[in-house]
Amino acid sequence: MVRRVGILTSGGDAPGMNAAIRTAVRTALHYNLEPWAIYRGYHGLIHGELEPMGSRDVSGIIQRGGTVLKSARSEEFMTPEGRDRAVDMLRQHDIDSLVVIGGDGSFRGALSLQEQGVNVVCIPATIDNDIPCTDYSIGFDTAVNTVMDAVNKIRDTASSHDRVYLVEVMGRHSGYIALYSGLACGADVILIPEVPYNLDDVCEKLRQAAKLDKTYNIIVVAEGVRRLDDSDGSASPAMQIGRYIANQVGLETRITILGHIQRGGDPTVRDRLLASRLAYHAVELVARGRGGKMLGEVNQQITSFDLAYALAQEKQLNMDYYRLYNILSSI
Ligand code: F6P
């Protein structure tokens, strides 16, 4: 009986997922495994949205953002009954192994399947780059480049109108996108959840800049920073902070919330290669029957970690970048 390996993408989509899918399918065939597509993540698994995939099914996708397997969030899978249905569906199709391409929420689901005897290997894919045990997750590099392109355009109009521009970026509770894109764009201020900010200090910095004839400013705000009203609701922090600055400093401000364009776009070389290397090693582990693992790239080496161990870790922000930002953005 040819062994079958299921492949699914879960959580927020990320550029590079298709490169991972392509490699997983072709590596499975290389190791005489039968690759099976599972559509719409765990939701599709529970509802039987599965079919075998061949090499031609993943032609022409390496350059595309998004995921041809689609993704979905599944409340049902959060229940023991839902997880049991997922395991039953795998067994009905003689699929004994699974490659999960997604974020930490997807990994928690994968661990529960592993505990029920499914041979699961996870690879990190989320633009947030908030997954421990890997320097970068698939999609992060493309997202940061997307933000950089947008901020470059905003800088043109900011310099033409002598305004303060706030650009809000994604990242959930992580400041990685804001910090890396802000540093790459030469932002004057970068606000991230990991470092508490004092708005009056920000206003004073803008006043000092104005005295030195700095006529416009770029402020990059991570969506997960503290809200001014301390609510954790959907209010945009950049909108609140922009209003405060306009009132306190008297400078014209404009706010751009980049939103979901950060999730799309053709994956960069870095993301395509990261995705391909991780997916290759994931299927190789699966072929050897060694599941219960998460793969990451650490110092450019593909490294495997016990899934339970990885889920107990917390991703730390690389504060060297923050210290560099502080030096480079001082007046
Ligand atoms: O986790 C990826 C991400 O893009 C976050 O940065 C963002 O906060 C969230 O997904 C948005 O979720 P949704 O696509 O469900 O609106």
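Residues numbered from 1 in each chain as written. Predicted model: local features only at pLDDT ≥ 70, side-chain atom pairs only at ≥ 80, totals over all residues. Heavy atoms only, no water.

**Considerations on the state of the cysteines**
- Overall, the coordinates contain 0 disulfides when judged by the stated rule.
- Considering cysteine sulfurs only, C133 is the nearest to C122, which forms no disulfide, with 12 Å between them. (Disulfide = S-S within 2.5 Å.)

**Observations regarding the pairing of strand β10 (residues 293-298)**
- Burial within β10 is extensive, with 5 of its 6 residues counted as buried.
- Both strand β5 (residues 119-124) and β10 contribute to a ladder of 2 bridges, which runs parallel. Along β10, the bridge assignment pairs V121 with K293.
- For β10 and strand β11 (residues 301-306), the ladder comprises 6 bridges, and the chain directions are antiparallel. Across the sheet, residue L295 finds its bridge partner in β11, namely S304.
- Counting the residues in the hairpin turn of β10 and β11 gives 2 residues, including N299, whose phi is positive at 50 degrees. (Buried < 20%, exposed > 50% of the residue type's maximum accessible area, 1.4 Å probe, protein only. Helix = DSSP H or I, 4+ residues; strand = E, 2+ residues; numbered from the N terminus. Pairing = 2+ DSSP bridges.)

**What about the sheet that holds β5?**
- Strand order in this open sheet of 7 strands is β3-β2-β1-β4-β5-β10-β11, and the pairing throughout is mixed. Since the sheet does not close on itself, it has two edges, and those belong to β3 (50-52) and β11, each with one partner. For this sheet, the mean angle separating the axes of adjacent strands, direction not counted, is 25 degrees.
- Here 6 bridges tie strand β1 (residues 4-9) to strand β4 (residues 95-102), and the two strands are oriented parallel to one another. Counted as the bridge partner of L8 is V100 from β4.
- The sheet strands contacting helix α1 (residues 17-30) are β1, β2 (34-38), β4 and β5, and the helix crosses β1 at an angle near 180 degrees. (Axes fitted to C-alpha atoms, helices over the stretch in contact; angles between N-to-C directions. Contact = heavy atoms within 4.5 Å.)

**Observations concerning the site of the ligand**
- In the vicinity of the ligand, the contacting residues are R73, T126, I127, D128, M170, G171, R172, E223, H260 and R263.
- Within the side chain of R73, one N or O atom sits 3.0 Å away from an oxygen atom of the ligand.
- In this structure, D128 approaches the ligand through a side-chain N or O atom, which is 2.7 Å from an oxygen atom.
- Bound to the protein, the ligand loses 72% of the 400 Å² it would expose on its own.
- The residue makeup of the shell around the ligand, split by class, is 2 nonpolar, 3 polar and 5 charged.
- Two domains each provide a minimum of three residues to the shell around the ligand, namely domain 1 (4-139 + 267-311) and domain 2 (142-263). (Near = heavy atom within 4 Å. Polar contact = N/O pair within 3.5 Å; in protein donor to acceptor, adjacent residues only side chain to side chain. Areas by Shrake-Rupley, 256 points an atom, 1.4 Å probe, with all protein chains shown as cover. Nonpolar A, V, L, I, M, F, W, Y, C, P; charged D, E, K, R; others polar. Domains from an automatic or database assignment.)

**Some thoughts on the pattern of salt bridges**
- Enumeration over the complete set of coordinates arrives at 17 salt bridges.
- Taking the shortest distance from any N to any O, the salt bridge between R172 and D128 comes out at 3.2 Å. Taken together, the residues R172 in the loop between β6 (164-169) and α6 (176-185) and D128 in the loop between β5 and α5 (140-161) connect sequence positions 44 residues apart.
- Its salt-bridge partner being R323, residue D320 comes within 2.8 Å of it at the nearest N-O pair. Taken together, the residues D320 and R323, both in helix α11 (residues 319-328) and 3 residues apart, mark about one turn of the helix.
- Judged by relative accessible area, R323 falls into the partly exposed class, the value being 48%. (Salt bridge = Lys/Arg side-chain N within 4 Å of Asp/Glu carboxyl O.)

**A word on the nonpolar core**
- Judged by nonpolar contacts, the single largest core of 81 residues is most densely connected at I101, I123, I192, I218, I219, I241 and I245.
- Taken domain by domain, the makeup of this core includes at least three residues from each of domain 1 (4-139 + 267-311) and domain 2 (142-263).
- The residues touching I123, leaving out its near neighbours within four places in the chain, are A20, V100, I101, G102, F107, I138, L278, A279, A282 and L295.
- Counting 29 residues, the second largest nonpolar core, distinct from the first, contains M89, L98, A110 and C133. (Core = buried A, V, L, I, M, F, W, Y, C linked by side-chain atoms within 4.5 Å.)

**Section: the domain arrangement of the protein**
- One can read the domain layout of the protein as domain 1 (4-139 + 267-311) and domain 2 (142-263).
- Spacing between the C-alpha centres of domain 1 and domain 2 amounts to 34 Å.
- At the interface, 14 residues of domain 1 touch 12 residues of domain 2.
- Of the roughly 1,100 Å² buried at the junction of domain 1 and domain 2 (both faces included), carbon and sulfur atoms supply 46%.
- The largest per-residue losses of area from domain 1 upon contact with domain 2 belong to D13, I127 and D128, which jointly make up 44% of the total buried on that side.
- Between domain 1 and domain 2 we count 4 salt bridges in total.
- For R172, the salt bridge goes to D104, with nearest N and O atoms at 3.4 Å.
- Scanning the region where domain 1 abuts domain 2 turns up 9 residue pairs in polar contact (both at pLDDT 80 or more). (Buried area = accessible area lost by both parts, 1.4 Å probe.)

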